[in-house]
Amino acid sequence: MKILVLNCGSSSVKYQFLDMQDEKVLAKGKVERIGMDDAIFEYKGSAGQEIKEVTPILDHNVAVRKVLAALTDKEHGVISSPDEITAVGHRVVHGGEAFSGSVIIDHEVKRTLRALFDLAPLHNPPNLTGILAVEAALPGVPQCGTFDTAFHSTMPEVAYLYALPYAMYKRHKVRRYGFHGTSHRYVSERAMQLMGPRPNLKLITCHLGNGSSLAAVMDGKSVDTSMGFTPLEGMIMGTRSGDVDPGVFPYIMSREEISMAEISSMLNKHSGLLGISGISSDMRQIEEEMENGNPRAKLAFDMLEYRLRKYIGAYAAAMNGVDGIVFTGGIGENSPVLREKVLRNLSFLGITLDEVANLDRARGERRISGPDSKVEVWVIPTNEELVIARDTRDLVLQMQQGKDQREPDLVGTTAD
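Residues numbered from 1 in each chain as written. Predicted model: local features only at pLDDT ≥ 70, side-chain atom pairs only at ≥ 80, totals over all residues. Heavy atoms only, no water.

Peer 1: Describe the overall build of the protein, naming the residues involved and giving the relevant values.
Peer 2: Broken down by element type, the protein carries 15 helices and 14 strands. In summary, the protein has a C-alpha radius of gyration of 23 Å against a globular reference of 22 Å for 416 residues, a match within 12%. The principal-axis extent of the C-alpha atoms belonging to the protein is close to 75 × 55 × 55 Å. Among the 416 residues that make up the protein, the fraction classed as buried is 48%. Taking the intrachain contacts of the protein between residues at least 6 apart in sequence as the baseline, contacts between residues at least 24 apart amount to 60%. Total accessible area on the protein stands at roughly 20,000 Å², and carbon and sulfur atoms take up 51% of it. Counting 46 positive and 54 negative side-chain charges, the protein places the averaged centre of each group 3 Å from the other. (Helix = DSSP H or I, 4+ residues; strand = E, 2+ residues; numbered from the N terminus. Rg over C-alpha atoms; globule rule 2.2 N^0.38 Å. Buried < 20%, exposed > 50% of the residue type's maximum accessible area, 1.4 Å probe, protein only. Contact = heavy atoms within 4.5 Å. Areas by Shrake-Rupley, 256 points an atom, 1.4 Å probe, with all protein chains shown as cover. Lys, Arg positive; Asp, Glu negative; His and termini not counted. Charge placed at Lys NZ, Arg CZ, Asp CG, Glu CD.)

This is how it looks when you write it as structure tokens:
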């Protein structure tokens, strides 16, 4: 079974093509600047084949056809025909309260996705656009949606409700939804495998990148997460502010004479590491400038570490303990300096650090806590595409099995 995984943004498509017999990535790439004359198409095959073009790509329909053409290209492709594509899995950002797991996409699912546009106006519309583009290019091929919010649907009311008038939840579904769920799900499941079976396992998963979030995971289920109604809440991020007193907004608006749209832009695009450092949203550059003695770069780093440490402590309290902490994402996987400082400042949890393992980036997936540490600490590279591909495979197999079970009854009825 070969599955194409798509992550469609407003002007981009990221893709992977996997053979699920051994879960091997046969090809991957991205399309950027969709809708422009200088759109960029990139493709890499598992045998080293590469395509990179700057060419007009009008819309997502053209982008999807471009991906299919590369996969079947005589020189660079990895399949001979689109007929070899068993199914397509999509990353969908927001499932609201409607979707607590991955689903086969049908007319009703598409209708519900449209109804959720208001909850994710920047993400769900292009997600649906990608689904419709695949329908046009591969009619009849099953499609699956995997939702960023689904993993967090197990949170209890005490964790997901805001202390607003309850009518705001009932009327408008204002609540904490959480995001990065596919990543938190993958690394928590992998951590449970690596740590071995044990009852009531309590994990804190830290997805740290340009967008960052933490999750408290008990027995494989999310019980709390730092992102909320939008991906703006929680951690300090590359350009997002994270937690801010909402009273700040009318105060700034009255003195700067700016609109709510400008406030939103400030919070999402000009805050976080970029806003504090005045240099960059990239943690690599922040750390480099910090080493060169830049005080604002150091302040940005220290604020991020402090917020991260506070959330870890809060989730340890929420679960009445913690057995394991997992770092993942671009920063989580690649910043040994941040991991070391956070863990040194969590010594009250009985954490000790294996300094060699922490610095050894070449090893990828690894335990970085010492043998005497009371809490296991792991670095686990995330793999959201594999989760989507696995869910797509499982749903298609269930669909096929259901069809096979129904067919004998239909034949028998006709014969009678």
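Peer 1: Go over helix H10 (residues 283–291) with me, naming the residues and quoting the values.
Peer 2: One turn of an α-helix holds 3.6 residues; hence residues three or four places apart share an orientation. Along H10, the residues classified as buried are Met283, Ile286, Glu287 and Met290. End-on, the buried residues of H10 take up no more than an arc of 95 degrees, which puts them together on one face. If you follow the buried residues of H10, they end up packed against helix H9 (272–277), helix H11 (295–318), helix H12 (329–334) and helix H13 (336–344). (Arc of directions from axis to C-beta.)

Peer 1: Requested: an account of the domain arrangement of the protein, with residues and values cited.
Peer 2: Domain annotation of the protein identifies domain 1 (2–147) and domain 2 (197–379). The straight-line distance from the C-alpha centre of domain 1 to that of domain 2 is 30 Å. (Domains from an automatic or database assignment.)

Peer 1: A description of the confidence of the model for the protein should follow, citing residues and the corresponding values.
Peer 2: When pLDDT is averaged along the protein, the result is 94; 97% of the residues meet or exceed 70. Confidence over residues 409–416 falls short of pLDDT 50; this stretch has 0 contacts with residues more than four positions distant or in other chains. (pLDDT = per-residue confidence, 0-100.)

Peer 1: Outline the sheet that holds strand S4 (residues 39–45), listing residues and values.
Peer 2: Taken in spatial order, the 8 strands of this open sheet run S5-S4-S3-S2-S1-S6-S8-S7, and their pairing is mixed. The sheet terminates laterally at strand S5 (50–55) and strand S7 (103–104), the two strands that pair on one side only. Packed on one face of the sheet, helix H3 (residues 124–137) meets strand S1 (2–8), strand S6 (87–92) and strand S8 (143–147) and runs near 170 degrees to S6. (Pairing = 2+ DSSP bridges. Axes fitted to C-alpha atoms, helices over the stretch in contact; angles between N-to-C directions.)

Peer 1: How would you explain H3 if you had to name every residue and give the values?
Peer 2: Here H3 is 14 residues long and its end C-alpha atoms lie 20 Å apart, about the 20 Å a rise of 1.5 Å per residue gives. Among the residues of H3, those classed as buried are Asn124, Pro126, Asn127, Leu128, Gly130, Ile131, Ala133 and Val134. Residues of H3 that are buried in the fold lie against S1, helix H1 (60–71), S6, helix H2 (107–115) and S8. (Expected span 1.5 Å × (residues − 1).)

Peer 1: An account of the pairing of strand S11 (residues 221–225) is needed here, citing residue identities and associated values.
Peer 2: As paired elements, strand S10 (residues 213–218) and S11 share 4 bridges and run antiparallel to each other. Paired with Met218 across the two strands is Lys221, which belongs to S11.

Peer 1: Please provide a residue-by-residue account of the packing of H10 against H11, values included.
Peer 2: The relative placement of two packed helices is expressed as an angle between their axes plus a distance between the axes. The geometry of H10 relative to H11 is characterised by a closest axis approach of 8 Å and an angle of 125 degrees between their N-to-C directions. With respect to each other, H10 and H11 are oriented oblique. In terms of crossing hand, the pair formed by H10 and H11 is left-handed. On H11, the residues that touch Met283, Ile286, Glu287, Glu289 and Met290 of H10 are Ala297, Lys298, Phe301 and Leu304. Grouping the amino acids of the contact of H10 with H11 by side-chain chemistry returns 6 nonpolar, no polar and 3 charged. (Parallel < 35°, antiparallel > 145°, perpendicular 65-115°, else oblique. Left-handed = near helix turned anticlockwise from the far one by under 90°. Nonpolar A, V, L, I, M, F, W, Y, C, P; charged D, E, K, R; others polar.)

Peer 1: Please provide a residue-by-residue account of the packing of aromatic side chains, values included.
Peer 2: Applying the stated criterion across every chain, the model contains 6 aromatic pairs. Ring geometry for Phe99 versus Phe147: centroids 4.5 Å apart, planes at 5 degrees, classification stacked. Here Phe99 is found in the loop between S6 and S7, whereas its partner Phe147 is found in strand S8, with 48 residues between them in sequence. In this structure Phe147 comes out as buried when scored by relative accessible area, which is 2%. Put simply, the rings of Tyr160, Tyr166 and Tyr169 touch in pairs and so form one group of aromatic residues. Its guanidinium or amino end placed over the ring of Phe41, Lys66 lies 5.8 Å from that ring's centre, counting from NZ or CZ. The ring of Tyr160 carries Arg175 above its face, with NZ or CZ at 3.7 Å from the centroid. (Phe/Tyr/Trp six-rings, centres within 6.5 Å; stacked < 30°, edge-to-face > 60°. Lys NZ or Arg CZ within 6 Å of the ring centre and 35° of its normal.)

Peer 1: Account for unusual backbone geometry, with residues named and values stated.
Peer 2: Phi at Glu23 takes a positive value of approximately 55 degrees, unusual for a residue other than glycine. With respect to the secondary-structure elements, Glu23 resides in the loop between strand S2 (12–19) and strand S3 (24–32). Since its relative accessible area comes to 27%, Glu23 is described here as partly exposed. A positive phi angle, near 60 degrees, is found at His180, a position not held by glycine. By the element assignment, His180 lies in the loop between helix H5 (166–172) and helix H6 (181–195).

Peer 1: Account for the nonpolar core, with residues named and values stated.
Peer 2: Residues Ile204, Leu214, Leu308 and Ile325 are the most contacted members of the largest nonpolar core, which totals 37 residues. By size, the runner-up hydrophobic cluster in this structure holds 28 residues, among which are Phe17, Ile34, Val64 and Ala133. (Core = buried A, V, L, I, M, F, W, Y, C linked by side-chain atoms within 4.5 Å.)

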